[in-house]
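Given next are the chains, with one letter for each unit.
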Amino acid sequence: MTTEAMATLCLSGELTNKLEAIARAGFEGVEIFVDDLQSSGLSPRAVGDRCRELGLTVVALQPFRDVEALPPELQRKMLDEARRHLDTLADLGGDFLLACSSTREEAANDHGRAAETLRELAELAAERELRVGFEALAWGRHVFDYRDAWEIVRQADHPALSIVLDSYHILARELELETLATIPGDRIGLVQLADSPWPRGQDLQALSRHRRAFPGDGELPIERFMTALERTGYQGPLSLEIFSDSLGVMPTGMAALQGKHALESLLASRT
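Quick summary incoming for the structure in this document. Please read these numbers as outputs of a predicted model, since none were measured by experiment.

Description of the sheet that holds strand β3 (residues 57-64)
Backbone-to-backbone hydrogen bonds pair the strands of a sheet. The strands run either parallel or antiparallel.
Here's step 1: Reading around the barrel, the eight strands line up as β1-β2-β3-β4-β5-β6-β7-β8 and close back on themselves, with parallel pairing between neighbours. Averaged over all adjacent pairs, the angle separating strand axes in this sheet is 30°, with direction ignored.
Here's step 2: Of the strands in this sheet, β6 (161-166), β7 (188-193) and β8 (238-240) are in contact with helix α10 (residues 222-232), which crosses β7 at around 165°.

Listed below in C-alpha cells is the structure:
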C-alpha cells in the first residue's frame, strides 16, 4: 500500500507542531524540509525520535540543491555538503535524500558529466546504506525536464539513485507524459504532488514558491499525471509538496487536514 506523506514546508508553525498536525491528519510519512530542521533548534536525532513516536516514516530529507555538472572545486564542495546532509538523514532515521537540478551559472550543459556527479553522490549514499533521488526543477539551468533527469539517472546507472517526479515541475511546463509512463516504477524514488493556477505566461518559480495548491484545488491536469504514473507500476510514497502563501497563514492542523482530504479524494477518484 502506498505511503501517504506531506512535506513539512506545506504548513505554518514550528517543526514539532507540523509533525504533530501531519500525524493527526492521518498521514503515514513526512518529508523533512532542511530549513524547518535548521530553524527548529532540535537535533536530527530528536526530530527522528519524535517522528517515530508519532508513527511517521521520514520518507525524505529535502532539498539538496545544485548537484550536477559543476566545475571541480564546486563539485568537491557539493560532495562535502552532501556528506553532511547524508549524516543528517541517517540521524533522522530516514534513507532518502532529494537532490535538485542545478540553477547555478557554473553548471555545464553536459549529461555525461551530470551522470558522473550523480553516480558519485549515489556512491556516498550507498556507503551509508542510504539512497538519493534526482529531481528536475522547472527552472533548472540545464535540467528542467523530467526526461533529461531520467536520461541522466539511466546513464549514472547506480542502484542507490532514482528519479523524483513532481507533478508541478512536469505539468507547469506542459511536458508530455508518454515518456513518464515508460519509466520502471522501481526506478522512481519519490512522487510529489502539487496543483497550481494555470501557469502559462507566468514565472514558474514565483508561482511555485507562492501559489501551489493541493491536488484538485488548481488547474493542472493532475489526473493525467496520475494515469501515466499508474502505468509505471510505482508503489512508493505519494507526498504533498505545497509552497503556498495562503497555507502559510492557515492554522497548522487545518491545513494538514485539508491536504489529507485532497490526497484521499484524488486517490478515491482513481479506483
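The rest of the description comes next.
Quick look at the packing of aromatic side chains
Here's step 1: Under the counting rule described, the total for this entry stands at one aromatic pair.
Here's step 2: Seen in terms of ring centroids, phenylalanine 33 and phenylalanine 243 are 6.4 Å apart; in terms of plane orientation they differ by 85°. Their pairing is edge-to-face. Taken together, the positions of phenylalanine 33 in strand β2 (residues 29-33) and phenylalanine 243 in the loop between β8 and α11 (245-248) put the pair 210 residues apart, joining distant regions of the chain.
Here's step 3: Take phenylalanine 33: its relative accessible area is 10%, and that puts it in the buried class.
Here's step 4: Its end group placed over the ring of phenylalanine 243, arginine 209 keeps NZ or CZ at 5.3 Å from the ring centre.
Here's step 5: Here lysine 260 stacks its cationic end above the ring of phenylalanine 27, 5.4 Å away from the centre of that ring.

Digging into helix α4 (residues 72-92)
Here's step 1: Helix length check: α4 (21 residues) gives 30 Å between terminal C-alpha atoms against 30 Å at 1.5 Å per residue, within 8%.
Here's step 2: Residues of α4 that are buried: Leu74, Gln75, Met78, Leu79, Ala82, His85, Leu86, Leu89 and Leu92. Down the axis of α4, the buried set is contained in an arc of 130°. They therefore lie on one face.
Here's step 3: Those residues of α4 that are buried lie in contact with β2, α2 (34-40), α3 (44-53), β3, β4 (96-100) and α5 (111-127).
Here's step 4: Taken from the residues just after α4, glycine 93 is the one with a positive phi, measuring 85°.

A few points about empty space enclosed by the protein
Here's step 1: For the coordinates displayed, the defined rule picks out one cavity of 30 Å³ or more.
Here's step 2: Surrounding the largest cavity, Glu135, Ala136, Phe144, Asp145, Tyr146, Val164, Leu165, Asp166, His169, Ile170 and Leu175 form its lining.
Here's step 3: For the lining of the largest cavity, the leading source of residues is β6, giving three residues.
Here's step 4: Across the lining of the largest cavity, the residue classes tally to seven nonpolar, one polar and three charged.

What counts as what
- Residues numbered from 1 in each chain as written.
- Predicted model: local features only at pLDDT ≥ 70, side-chain atom pairs only at ≥ 80, totals over all residues.
- Heavy atoms only, no water.
- Pairing = 2+ DSSP bridges.
- Helix = DSSP H or I, 4+ residues; strand = E, 2+ residues; numbered from the N terminus.
- Axes fitted to C-alpha atoms, helices over the stretch in contact; angles between N-to-C directions.
- Contact = heavy atoms within 4.5 Å.
- Phe/Tyr/Trp six-rings, centres within 6.5 Å; stacked < 30°, edge-to-face > 60°.
- Buried < 20%, exposed > 50% of the residue type's maximum accessible area, 1.4 Å probe, protein only.
- Lys NZ or Arg CZ within 6 Å of the ring centre and 35° of its normal.
- Expected span 1.5 Å × (residues − 1).
- Arc of directions from axis to C-beta.
- 1 Å grid on protein atoms, 1.4 Å probe; cavity = no way out; pocket = protein on both sides within 12 Å on 5 of 7 lines; lining within 4 Å.
- Points joined across faces, edges and corners; volume = space filled by probe spheres on them.
- Nonpolar A, V, L, I, M, F, W, Y, C, P; charged D, E, K, R; others polar.

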